[in-house]
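# Survey of secondary and tertiary structure
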Amino acid sequence: DAGVIQSPRHEVTEMGQEVTLRCKPISGHNSLFWYRQTMMRGLELLIYFNNNVPIDDSGMPEDRFSAKMPNASFSTLKIQPSEPRDSAVYFCASRRGGGETQYFGPGTRLLVL
Amino acid sequence: AQSVTQLGSHVSVSEGALVLLRCNYSSSVPPYLFWYVQYPNQGLQLLLKYTSAATLVKGINGFEAEFKKSETSFHLTKPSAHMSDAAEYFCAVSTFGNEKLTFGTGTRLTIIP
């Protein structure tokens, strides 16, 4: 059974460019979470969805960040425009309805120059 | 509100020695507790979880953890360390009905040959 899939695995871009990170949750899971990991701040929850609906986006840093989940098998996290301080590893996780465990993808390592 | 404190950002043990990674939690309601492991350049993998069943929980790779309500602790142990255990370990807490996971700051485990 495939786990959470994220793409790209690595992204290098220049300041001001748009960045789109993608996530495919585990089939049958109806909750999806986006996290950011940095040395300074550790693991931070950015936003999560239940049944494709955003439930809590209080962790989204600012308006430059946006996330969508157009269907049960796909989500995007977009940064526009990107800044060097956005450099981090971004993780997607999914969880089945009624379950306690979140399953993480391999992450996208983003470097903004 | 819920929170997790991991004591010791770095722990070093000799190969074959006991591994003890400490985690204390704070929660106003009965918690769900998790240990995740992160190998270099990889995502988080679930090691074990406590969800109000047996207080001694066994996980993968020979790890186990004991839930102690009186001490609000959920320490992770392994009787004999292997070189392959070198990684970063995260303790996390959530509660029934609260879909957010709150992570500790992580403990980097180094194994000395």
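Model, not experiment: these values are computed from the prediction.

## Considering the packing of aromatic side chains
Counted according to the given criterion, the structure contains 14 aromatic pairs over all chains. Between the aromatic rings of Tyr35(A) and Phe103(B), the centroid separation amounts to 5.8 Å while the plane-to-plane angle is 85°, which identifies the pairing as edge-to-face. Remark: Phe103(B) occurs in strand E10 (residues 98-103) and Tyr35(A) occurs in strand E4 (residues 31-38); the pair is interchain, linking two chains. Both residues of the pair, Tyr35(A) and Phe103(B), count as buried. Clustering of aromatic rings is evident, with ring pairs tying together Phe33(A), Tyr35(A), Tyr48(A), Phe91(A), Phe104(A), Phe34(B), Tyr36(B), Phe90(B) and Phe103(B).

## Section: the state of the cysteines
Applying the stated rule across the entire model yields two disulfides over all chains. The disulfide partner of Cys23(A) is Cys92(A), and the S-S distance across this bridge is 1.8 Å. Because the sign of the S-S torsion sets the handedness, a value of about -65° for the bond joining Cys23(A) and Cys92(A) places this disulfide among the left-handed ones. With Cys23(A) in strand E3 (residues 19-24) and Cys92(A) in strand E9 (residues 88-95), this pair connects stretches of sequence that are 69 residues apart. Assigned by exposure class, Cys23(A) and Cys92(A) land together as buried. Here Cys23(B) pairs with Cys91(B) through a disulfide, and the sulfurs are 2.0 Å apart.

## Observations regarding the interface of chain A and chain B
Counting from both sides, the interface comprises 20 residues of chain A and, opposite them, 16 residues of chain B. Both sides of the chain A and chain B interface together cover about 1500 Å² of buried area, and 51% of this is carbon and sulfur. Of all residues in chain A, Leu43(A), Glu100(A) and Phe104(A) give up the largest surface area on contact with chain B, accounting jointly for 34% of the area buried on that side. One can count two salt bridges joining chain A with chain B. Its salt-bridge partner being Lys100(B), residue Asp56(A) comes within 2.4 Å of it at the nearest N-O pair. Summed over the shared surface of chain A and chain B, the result is six residue pairs in polar contact (both at pLDDT 80 or more). Among the elements of the structure, E4, strand E5 (42-50) and E9 of chain A are those that each provide at least two residues to the side of chain A that touches chain B. Partitioned by chemical class, the residues of the side of chain A that touches chain B number eight nonpolar, seven polar and five charged.

Criteria and cut-off values
Residues numbered from 1 in each chain as written. Chains lettered and ligands numbered in written order. Predicted model: local features only at pLDDT ≥ 70, side-chain atom pairs only at ≥ 80, totals over all residues. Heavy atoms only, no water. Phe/Tyr/Trp six-rings, centres within 6.5 Å; stacked < 30°, edge-to-face > 60°. Helix = DSSP H or I, 4+ residues; strand = E, 2+ residues; numbered from the N terminus. Buried < 20%, exposed > 50% of the residue type's maximum accessible area, 1.4 Å probe, protein only. Disulfide = S-S within 2.5 Å. Contact = heavy atoms within 4.5 Å. Buried area = accessible area lost by both parts, 1.4 Å probe. Salt bridge = Lys/Arg side-chain N within 4 Å of Asp/Glu carboxyl O. Polar contact = N/O pair within 3.5 Å; in protein donor to acceptor, adjacent residues only side chain to side chain. Nonpolar A, V, L, I, M, F, W, Y, C, P; charged D, E, K, R; others polar.

What is shown is where atoms sit, not what they do.
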